[in-house]
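Single-letter residue listing:
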Amino acid sequence: MSDPLLLIEPHGHASRLFMRLAANRLRSESEIRSALKRHGRRALWIAPSSAAVHLLLGTFPRRPMGDQRLLSLERASDNRHGLLHALFRFVVSVDEGVQLLPMDELAEVLSSANRADLFIGAAVAPTDAAIILYRGNLEPLVVPLTWFREHPDGPIPDPHDLAVTDFGQTIRLGAYEAAADALLYEFDEDYRRRAKKRQVETDRSLGGALRRLRLQKGLRQGDFPGVTAKEIARIERGEVKKPHQHTLTAIAKRMGVSADDILTY
Amino acid sequence: MPFGLTLPEPCANRGWKAKIRDRERLEPPHVTILYKTSAWRFALRTGTFLDKEPNPTEVPAEVVGAVRANLTLLRQEWDRMYPENRISTERKAKRKGKSNE
């Protein structure tokens, strides 16, 4: 089940953006305190305005118990990032250069039961070598830019024109688009397991898993030092059901996973 | 550049899309049907839905019809975007294999 959504709407600052969002609306310090008691284990707080952040900070004298997460939607005039990060486990804030989904799509994603599998925002990492994607449960995922592989005659991924689109299901880098599903399948083992369960029919063999993983990593059958292309092909076709451990280890090492992980793909 | 299939107007206007993006799960080859926060993967080799969830019956018949009617085009687009995991050579090889049997 998704974590409860707690929307801070101080008197006079009700937001029309989230009118249809199924959230607990909190208007005063006392309502915030009682919500914290009720949802002390884990909750997702939404502060649509600077006044909402102000009210929240006034109510939290210290880091609250449990796993509390904050989505802050308005640029603040003062520098409160440090304090917000000290109080909340995860903070996603437009102040920090995060490109969020359009508001109507954001509300839809936050209302969704599978919001953890959708992205709500993205930012370029300071090194420029990666992007940071924020999931609907506000957890960040750092993805190296090299993951966004170009294809022949295709567009070059442009991290400086970065956006999340399609209700959190697509990451756009200029004219280049990547599927959130492909990203999560590669970087989140829990997602991968759930995705495999959803499939109508899966080739559950080692060969099938090896082929899926190899293609995902953009490798050819001849790209495995110490293992011939012929050997890889035989494993993928199921002609070799149990390869030697050293073969498996060499294959896994080349793909950057553990030998046991190959079957999860 | 992602490939977006043109869908019948009423469905497209309601926000339905069918796309092959520049980075997809490569195996099996598929087109993704998108509607708001849901996505359905449709296999380009077999012309069937790949996942039980979300329920494929939620996809309007017009959308499924448009995808099925354009399978050849979608397969060509997939092959153009993902030459390392083409559909066409494999299909030809399978047909050839059958005729040799």
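Source: prediction; values computed, not measured.

Each value, and the rule that gives it
Residues numbered from 1 in each chain as written. Chains lettered and ligands numbered in written order. Predicted model: local features only at pLDDT ≥ 70, side-chain atom pairs only at ≥ 80, totals over all residues. Helix = DSSP H or I, 4+ residues; strand = E, 2+ residues; numbered from the N terminus. Buried ≥ 20, exposed ≤ 12 C-beta atoms within 10 Å, placed from the backbone. Pairing = 2+ DSSP bridges. Contact = placed C-beta atoms within 7 Å. Axes fitted to C-alpha atoms, helices over the stretch in contact; angles between N-to-C directions. Domains from an automatic or database assignment.

Enquirer: Sorry if this is basic, but what is going on with the overall build of chain A here?
Expert: Check the secondary structure of chain A and you find nine helices and twelve strands. With the C-alpha coordinates aligned to their principal axes, the bounding extent of chain A is approximately 70 × 40 × 30 Å. The buried share of chain A, reckoned over its 265 residues, is 33%.

Enquirer: Explain the sheet that holds strand β1 (residues 3-4) of chain B here, please?
Expert: Sheets are built from strands paired through backbone hydrogen bonds, the pairs being either parallel or antiparallel. All names here are of chain B. Pairing within the open sheet is antiparallel, and its four strands lie in the order β1-β2-β3-β4. Strand pairing shows two members of the sheet lacking a second neighbour, β1 and β4 (38-43), which therefore form its edges. One ladder, built from six bridges, connects strand β3 (residues 30-35) with β4; its direction is antiparallel. Across the sheet, T32 pairs through a bridge with R41, a residue of β4. Sheet strands in contact with helix α2 (residues 61-69) are β2 (17-20), β3 and β4, and its direction is about 155 degrees off that of β3.

Enquirer: What should I look at first to understand the sheet that holds strand β3 (residues 42-47) of chain A in this one?
Expert: Residue and element names in this part refer to chain A. Ordered by their spatial adjacency, five strands build an open sheet running β2-β1-β3-β4-β5, and the pairing between neighbours is parallel. At either end of the open sheet lies a strand with only one pairing partner, and these are β2 (24-26) and β5 (90-93). Each strand axis lies, on average, 20 degrees off the axis of its neighbour in the sheet, ignoring direction. For strand β4 (residues 67-72) and β5, the ladder comprises four bridges, and the chain directions are parallel. Residue pairing for β5: R69 is matched across the bridge by F90.

Enquirer: Can you help me understand the domain arrangement of chain A in this one?
Expert: One frequently used descriptor of interface size is the decrease in accessible area upon assembly of the parts. Split into domains, chain A comes out as domain 1 (1-95), domain 2 (97-201) and domain 3 (203-264). Computed from C-alpha coordinates alone, the two centres of domain 1 of chain A and domain 3 of chain A are separated by 47 Å.

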